[in-house]
Amino acid sequence: MSVSINRPINRRRVIQGVGASLGVLALRGFSVKADEPVHFTHGVASGDPLADRVILWTRVIPGSGSHSEVEAVWQVATDVEFTQVVSMGRATSTEATDYTLKVDATGLPANSSFFYRFIVAAKTSPIGQTKTLPLGMVDSYRIGIASCSNYPQGYFNAYKHMAESDLDLVLHLGDYIYEYAEGRYASKVALEQLGRNVEPTSEILNLEDYRMRYGLYRTDPDLMAVHQRHPFICVWDDHELTNNTWKDGAENHNEGEGDFQQRMRAARQAYHEWLPIRTTSNGDQAPIYRSFQIGQLADLHMLDTRLHGRDRGLEYAKDLTYQTITFDIRNPKAPKIIAPKQAALLADAQVQQLMLPFDLSSGKPVAVTDYTKIAELNPKTLPEGWSYLPDAASFRREKLDNPQRTILGFDQEGWLANELQAGKARGSKWQIIGQQVLMGRTGIPNLTLDLAGKPKEYVDFVRRLQSLEKLGLPFNLDAWDGYPASRQRVYEQLISHASNPIVLAGDTHNAWAFNLADDSGQAVGVEIGTPGISSPGMESNSATTPAKLAAAFRDASNELVDLDTSHRGWAEMVITPTHMTNQWHFVDTILQRDFNVTSSQVHVCKVGHRRFSNS
Ligand SMILES: [Fe+2]
């Protein structure tokens, strides 16, 4: 049975009534036209289903008059008329949670679909649909996978398509919102013609900012529709926090933006308020990694690779230094090359370390070690045909491969190992790892590019990557490729305790499929990277065609099975006792409400194979 989805609220309607008594901020982008006792401002949502319960969400604000709290009745029924109510209760929305309201509706039968709603006096929320997880073996389970929905880039057409699709569950792998100020990481058309400006207009830094940004996103009719139609299981990536977050800082947390941990506390609080995630008794500052059992068919482990325990991400520009040479300069007329060990025994003033240039004119790099020739040189004065070369060996040895570095934190690594072992003891068929960043090894594509007319930032980025390509270094240090020891530890667990691992990733805005293998080449499992809902992919800045780019990535990445670099959309995964299939659905535009969907080939992994059949 289907239920009609309520029409979107027009944000541009005149604000009256509530605004006067409660303050415009409480509206969070919602506009009201009538002086009613309460307002359901942002639809309904459900999430974190278990076999006997599910989180139900709404937001209800008082109208004019009293504005301290609102008591609502919630109901779960098997029919849309609510004649067969199977669970109900009362809950209160208050200012302390930004008038969001979450309840854990318990006592529900497994593997069942429900309708739910909230009621305050004579006012009823939109009716949502949700579903509990199954018990035992089930024939088939269908999951929609989403990430990277950026409001000022365009319409969430992919969410609309998900809302209209028959799914058991939606996984959101992060970048549900973006933190930037108006005009940053935005499409000119979306801003100027579609009116998709952000609120607040500044970068979001404090609790009020984060709440306001969620409120804006959740006025989007397609996002409201997909929440109303399907239960979600969500984890954050960086942009619900701030760009390239790690446990103690972030690329986009700068001087003048206050205390980083205070900002994270605000981001976490707003996330728990606005998303239908089960907030445990440990509160909204507790870890969000958690597991679900899809009957005997699959275990689903949702990870936090971003904030919980992630060490600082390495950056080539900062962390990959040039090769150097050390001289003993005690006799200034005859400096002598010495090993770093010998240099350590001398005083600083007796030693000089220089960048080591290479003469590339013969086609093979030849080190130039003559002190008199190289002492005064710098990158700008290097003779034609000479170059400084990166010290990839030291970079790998001292930084990249450091076994102490972790993307999960050692406690989360241990937790995952325990969860996998428990799943093995239960005999779960598939092990789904829902998380943020790509796990598959991705090399740097070797491309001949036409960089004429491209922005300087992009040209510099490409040049730097091109210089690294020959060194066999990974493409993206922000992904698991930047934490190889941590990945290998997880792979060892997946090989020992998981029979059929499926890793899911978001983050890149592009679609990827990998056969994962550990450091010795042993098959681990498969990985699906979901394309972004609206954030731009590699096509937006690439100086080549998508086909050439995909081919170059495949040449550089042994594990890569399939790749799409130029479409927005989502991934649909179906698991059965014998197969897992994946298909990407791509929308042809995010700048118009009317759109068409094309779907990729179907990727198939059979039970016991740990790799895609069509690879
Ligand atoms: Fe993103």
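These numbers were taken from a predicted model, which means no experiment stands behind them. (Residues numbered from 1 in each chain as written. Predicted model: local features only at pLDDT ≥ 70, side-chain atom pairs only at ≥ 80, totals over all residues. Heavy atoms only, no water.)

This next bit is on the nonpolar core. Ranked by size, the top nonpolar core spans 79 residues in total, and within it Ile 432 and Met 580 carry the most contacts. Leaving out residues up to four positions away in the same chain, Met 580 has contacts with Trp 430, Ile 502, Val 526, Ile 528, Met 573, Val 574, Ile 575, His 603, Val 604, Cys 605 and Phe 612. Listed in part, the 38 residues of the second largest apolar core include Tyr 289, Leu 408, Met 439 and Phe 514. (Core = buried A, V, L, I, M, F, W, Y, C linked by side-chain atoms within 4.5 Å. Buried < 20%, exposed > 50% of the residue type's maximum accessible area, 1.4 Å probe, protein only. Contact = heavy atoms within 4.5 Å.)

Here we come to the sheet that holds strand S23 (residues 501-505). Two modes of strand pairing occur in sheets, parallel and antiparallel, and in both the strands are linked by backbone hydrogen bonds. An order of S14-S15-S22-S23-S25-S24-S26 is seen for the 7 strands of this open sheet, with the pairing classed as mixed. This sheet does not close on itself; its edge strands, each paired only once, are strand S14 (290-294) and strand S26 (560-564). Taken pair by pair, the neighbouring strands of this sheet meet at an average axis angle of 20 degrees, ignoring direction. Of the strand pairs in this sheet, strand S24 (residues 511-517) and S26 are connected by 4 bridges, and their pairing is antiparallel. Looking across to S26, one finds that Phe 514 is bridged to Leu 560. (Pairing = 2+ DSSP bridges. Helix = DSSP H or I, 4+ residues; strand = E, 2+ residues; numbered from the N terminus. Axes fitted to C-alpha atoms, helices over the stretch in contact; angles between N-to-C directions.)

For the rest of this paragraph, the subject is the packing of aromatic side chains. A complete count under the given rule lists 17 aromatic pairs for this structure. A ring pair is formed by Tyr 176 and Tyr 214, whose centres lie 6.2 Å apart and whose planes are at 40 degrees; its orientation type is tilted. Here Tyr 176, found in the loop between strand S10 (169-172) and helix H3 (188-192), pairs with Tyr 214, found in helix H4 (residues 207-217); they are 38 residues apart in sequence, far enough to count as distant. Residue Tyr 214 is classed as buried on the basis of its relative accessible area, which comes to 0%. Relative to Tyr 371, the ring of Phe 327 lies with its centre 4.9 Å away and its plane at 75 degrees, an arrangement referred to as edge-to-face. Of this pair, Phe 327 sits in strand S16 (residues 324-328) while Tyr 371 is found in helix H9 (residues 371-374), placing the two residues 44 residues apart along the sequence. A single burial state applies to Phe 327 and to Tyr 371, both of which are buried. Arg 117 extends its terminal NZ or CZ atom over the ring of Phe 82, reaching a point 3.9 Å from the ring centre. (Phe/Tyr/Trp six-rings, centres within 6.5 Å; stacked < 30°, edge-to-face > 60°. Lys NZ or Arg CZ within 6 Å of the ring centre and 35° of its normal.)

Another point: the coordination of the iron ion. Listed as protein donors to the iron ion are Cys 148 (SG), Asp 175 (OD), Tyr 178 (OH) and His 509 (NE2); their distances from the metal cover 2.1 to 2.6 Å. As a motif over one chain, the donors of the iron ion read C-x26-D-x2-Y-x330-H. Placement of the pair is Cys 148 in the loop between strand S9 (141-146) and helix H2 (157-163) and Asp 175 in the loop between S10 and H3, with a sequence separation of 27 residues. The same class applies to Cys 148 and to Asp 175, which are both buried. (Donors = N, O, S within 2.8 Å, 3.2 Å for Na, K, Ca; no water.)

On to the sheet that holds strand S19 (residues 357-359), then. Read from one edge to the other, the open sheet built from 3 strands follows the order S20-S19-S21, with strand pairing classed as antiparallel. In the strand order of this sheet, the two ends are held by strand S20 (366-367) and strand S21 (386-388), each with one partner. Across 3 bridges, S19 lies against S21 in antiparallel orientation. By the bridge assignment, Pro 357 is partnered in S21 with Tyr 388.

What follows deals with helix H12 (residues 456-469). Between its first and last C-alpha, H12 extends 20 Å over 14 residues, near the 20 Å set by a 1.5 Å rise per residue. Turning to H12, its buried residues are Tyr 458, Val 459, Val 462, Leu 465 and Leu 468. Among the structural elements, helix H7 (316-319) are those in contact with the buried residues of H12. (Expected span 1.5 Å × (residues − 1).)

This part is about the environment of Leu 382. Inspection of the secondary structure puts Leu 382 in the loop between H9 and S21. The class of Leu 382 is buried, set by a relative accessible area of 17%. In sequence terms Leu 382 and Asp 359 are 23 residues apart; their C-alpha atoms lie 9.9 Å from each other. Non-local contacts of Leu 382, meaning those with residues more than four positions away in its chain, are made with Pro 357, Leu 377, Ser 387 and Tyr 388.

Put simply, helix H11 (residues 410-426) and helix H13 (residues 484-497) touch, their axes get as near as 9 Å, and they point 10 degrees apart. When the interaxial angle is binned, H11 and H13 end up roughly parallel. Here Phe 410, Glu 413, Leu 416, Ala 417, Leu 420, Gln 421 and Lys 424 of H11 lie close against H13, whose contacting residues are Ser 486, Arg 489, Val 490, Gln 493, Leu 494, Ser 496 and His 497. (Parallel < 35°, antiparallel > 145°, perpendicular 65-115°, else oblique.)

Going through the model one piece at a time under the given rule, you end up with 1 cavity of 30 Å³ or more. Surrounding the largest cavity, Asn 150, Pro 152, Tyr 178, Tyr 180, Ala 181, Glu 182, Gly 183, Arg 184, Tyr 185, Val 198, Arg 213 and Tyr 217 form its lining. Grouping the constituent residues of the lining of the largest cavity by class yields 7 nonpolar, 2 polar and 3 charged. (1 Å grid on protein atoms, 1.4 Å probe; cavity = no way out; pocket = protein on both sides within 12 Å on 5 of 7 lines; lining within 4 Å. Points joined across faces, edges and corners; volume = space filled by probe spheres on them. Nonpolar A, V, L, I, M, F, W, Y, C, P; charged D, E, K, R; others polar.)

Let's shift gears to the pattern of salt bridges. Taken as a whole and judged by the stated rule, the model has 33 salt bridges. With its nearest N and O atoms 3.0 Å apart, the salt bridge here joins Arg 290 to Asp 48. Placement of Arg 290 in strand S14 and of Asp 48 in the loop between strand S1 (38-47) and strand S2 (54-62) is noted, with a sequence separation of 242 residues between them. Given a relative accessible area of 1%, Asp 48 falls into the buried group. For Arg 330, the salt bridge is made with Asp 328, and the minimal N-O distance between the two is 2.7 Å. A cluster of three or more residues bridged by salt bridges with shared partners is formed by Arg 28, Arg 59, Asp 98 and Glu 208. (Salt bridge = Lys/Arg side-chain N within 4 Å of Asp/Glu carboxyl O.)

Let us now look at the packing of H4 against helix H6 (residues 260-274). Axis separation between H4 and H6 bottoms out at 8 Å; the angle between their running directions is 35 degrees. The handedness of the crossing between H4 and H6 is right-handed. Two secondary-structure elements touch here, H4 through Leu 207, Tyr 210, Arg 211, Tyr 214 and Gly 215 and H6 through Arg 263, Ala 266, Ala 267, Gln 269, Ala 270, Tyr 271, Glu 273 and Trp 274. For the contact of H4 with H6, a count of residues per class yields 8 nonpolar, 2 polar and 3 charged. (Left-handed = near helix turned anticlockwise from the far one by under 90°.)

Glancing now at unusual backbone geometry. With an omega dihedral of -10 degrees, the bond running from Glu 199 to Pro 200 counts as a cis peptide bond. Checked against the element boundaries, Pro 200 lands in the loop between H3 and H4. Residues other than glycine seldom take positive phi values, yet Tyr 99 does so here, at roughly 65 degrees. Within the secondary structure, Tyr 99 is located in the loop between strand S4 (85-94) and strand S5 (100-105). Judged by its relative accessible area of 2%, Tyr 99 falls in the buried class. Its identity is not glycine, yet Asn 244 carries a phi of approximately 50 degrees, on the positive side.

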